[in-house]
Amino acid sequence: MYPYLSSPPHTFLIFTISKQKTNFPALYISPSHTLSVCNLHQSKFENASVQIERTESLAVNKRGEIDEDLFEANDKLTSHGINAGDVKKLQDAGIYTCNGLMMHTKKNLTGIKGLSEAKVDKICEAAEKLVNFGYITGRDALLRRKAVVRITSGSQALDELLQGGIETMQITEAFGEFRSGKTQLAHTLCATTQLPTNMKGGNGKVAYIDTEGTFRPDRIVPIAERFGMDAGAVLDNVT
């Protein structure tokens with residue numbers, strides 16, 4: 001769905017905007033996506049999450065090939081006693097990998113037609129055997145935190161409030177009233193994400209998932225110019 005986004009493995013983030021606070025499910029974006037800006041409307045959220053799930057199942061490496069090592073396809077559940085029909089129900093619901101499956105709550109999974117609580121328990125148990133989440137030490141957790149990049153929002157006051165900017169390796173949700181600046185912030189991040197890290201950027205590219213048709217490339221042009229960037233090159237790096 002999206003081309004490979006060349007960036008260091010640690011520099012990815014998910015930034016979402018919505019008109020009201022959502023009960024955001026756990027989502028996973030391939031680390032090869034530096035920034036995924038999701039412009040979500042409450043009534044269209046489920047479709048957007050399906051789009052995100054599908055990008056996760058189609059991680060692409062530098063050679064343009066599907067990187068199957070990152071994910072476990074849920075087809076493998078059949079080898080652990082899960083009925084192929086139940087696997088098909090998961091796929092119809094937009095869940096294509098065991099990794100993605102583990103990001104959903106059991107309540108959410110039992111909402112899929114044909115999947116009882118007992119079936120969901122069995123499916124999750126099988127997925128846990130396929131996906132090695134593992135455990136890490138406090139030292140490893142500290143090292144991971146040191147790898148976090150903070151990307152400027154374009155506002156010094158907001159950056160200070162966020163202790164340096166929008167963090168990578170996190171899900172950040174902005175919500176507020178109409179015309180409060182949510183979309184403007186998303187457009188600004190499309191540019192600042194591409195700045196070098198020494199300029200409070202992420203040195204990466206952007207995947208913008210727009211469910212309302214509010215993405216305006218002409219708004220990015222003056223933002224890019226403000227940061228001394230080539231507007232054409234910036235737009236080329238926004239998918």
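Reading the values: rules and limits
Residues numbered from 1 in each chain as written. Predicted model: local features only at pLDDT ≥ 70, side-chain atom pairs only at ≥ 80, totals over all residues. Heavy atoms only, no water. Helix = DSSP H or I, 4+ residues; strand = E, 2+ residues; numbered from the N terminus. Buried < 20%, exposed > 50% of the residue type's maximum accessible area, 1.4 Å probe, protein only. Contact = heavy atoms within 4.5 Å. Salt bridge = Lys/Arg side-chain N within 4 Å of Asp/Glu carboxyl O. Polar contact = N/O pair within 3.5 Å; in protein donor to acceptor, adjacent residues only side chain to side chain. pLDDT = per-residue confidence, 0-100. Core = buried A, V, L, I, M, F, W, Y, C linked by side-chain atoms within 4.5 Å.

### Points about the overall build of the protein chain
Then comes step 1: Check the secondary structure of the protein chain and you find 10 helices and 6 strands.
Then comes step 2: In the protein chain, buried positions account for 43% of the 239 residues.
Then comes step 3: A sequence separation of at least 24 residues applies to 63% of the contacts in the protein chain between residues at least 6 apart.

### Observations regarding helix α8 (residues 182-192)
Then comes step 1: In terms of burial, α8 is largely enclosed, as 10 of its 11 residues are buried.
Then comes step 2: Those residues of α8 lying buried are Lys182, Thr183, Leu185, Ala186, His187, Thr188, Leu189, Cys190, Ala191 and Thr192.

### Focus on the pattern of salt bridges
Close approach of charged atoms lets side chains of opposite charge pair.
Then comes step 1: Tallied over the full model, the rule gives 8 salt bridges.
Then comes step 2: Among the ionic pairs, Asp86 bridges to Lys89, the shortest N-O distance being 3.5 Å. One end of the pair, Asp86, and the other, Lys89, are both in helix α2 (residues 84-92), 3 residues apart, so they sit about a helical turn from each other.
Then comes step 3: The buried category is assigned to Asp86, whose relative accessible area is 7%.
Then comes step 4: Residue Lys89 is classed as partly exposed on the basis of its relative accessible area, which comes to 28%.
Then comes step 5: Note that Arg145 and Glu167 form a salt bridge whose closest N and O atoms lie 3.1 Å from each other. Of the two residues, Arg145 sits in helix α6 (residues 138-146) while Glu167 sits in strand β4 (residues 166-167), which places them 22 residues apart along the sequence.
Then comes step 6: Connected through salt bridges with shared partners, the residues Asp86, Lys89 and Lys119 form a single ionic network.

### Focus on the environment of Asn83
Then comes step 1: Counting through the fold element by element, Asn83 comes out in the loop between α1 (45-57) and α2.
Then comes step 2: Side-chain polar atoms of Asn83 contact the backbone nitrogen of Gly85, separated by 2.6 Å.

### What to know about the side chain of Glu167
Then comes step 1: For Glu167, a relative accessible area of 17% puts it in the buried group.
Then comes step 2: Within polar-contact distance, the side chain of Glu167 engages the side chain of Arg150 at 2.9 Å.

### With respect to the side chain of Asp159
Then comes step 1: Along the polypeptide, Asp159 turns up in helix α7 (residues 156-161).
Then comes step 2: Here Thr152 takes part through its side chain, which lies 2.6 Å from a polar atom of the side chain of Asp159.
Then comes step 3: Discounting residues that sit within four places of it in the chain, Asp159 has contacts with Thr152, Ser153, Gly154, Gly164, Gly165 and Lys200.

### Description of the confidence of the model for the protein chain
Then comes step 1: Averaged over all residues, the pLDDT of the protein chain equals 76, while 70% of them reach at least 70.
Then comes step 2: For residues 22-36, every residue scores under 50 in pLDDT, and the model assigns this stretch 63 contacts once sequence neighbours within four places are set aside.

### Side note on the nonpolar core
Then comes step 1: Formed by 17 residues in total, the largest nonpolar core has its most connected members in Leu77, Leu90, Leu101, Leu109 and Ile123.
Then comes step 2: Elements that contribute at least two residues to this core include exactly α2, α3 (98-101) and α5 (117-130).
Then comes step 3: Broken down by element, the residue count for this core peaks at 6 residues, all from α5.
Then comes step 4: The contact partners of Leu101, leaving out residues within four places of it in the chain, are Leu77, Leu90, Ile95, Leu109, Ile123 and Ala127.
Then comes step 5: Cys190, Ile223, Met229 and Val234 belong to the second largest nonpolar core, which has 14 residues in total.

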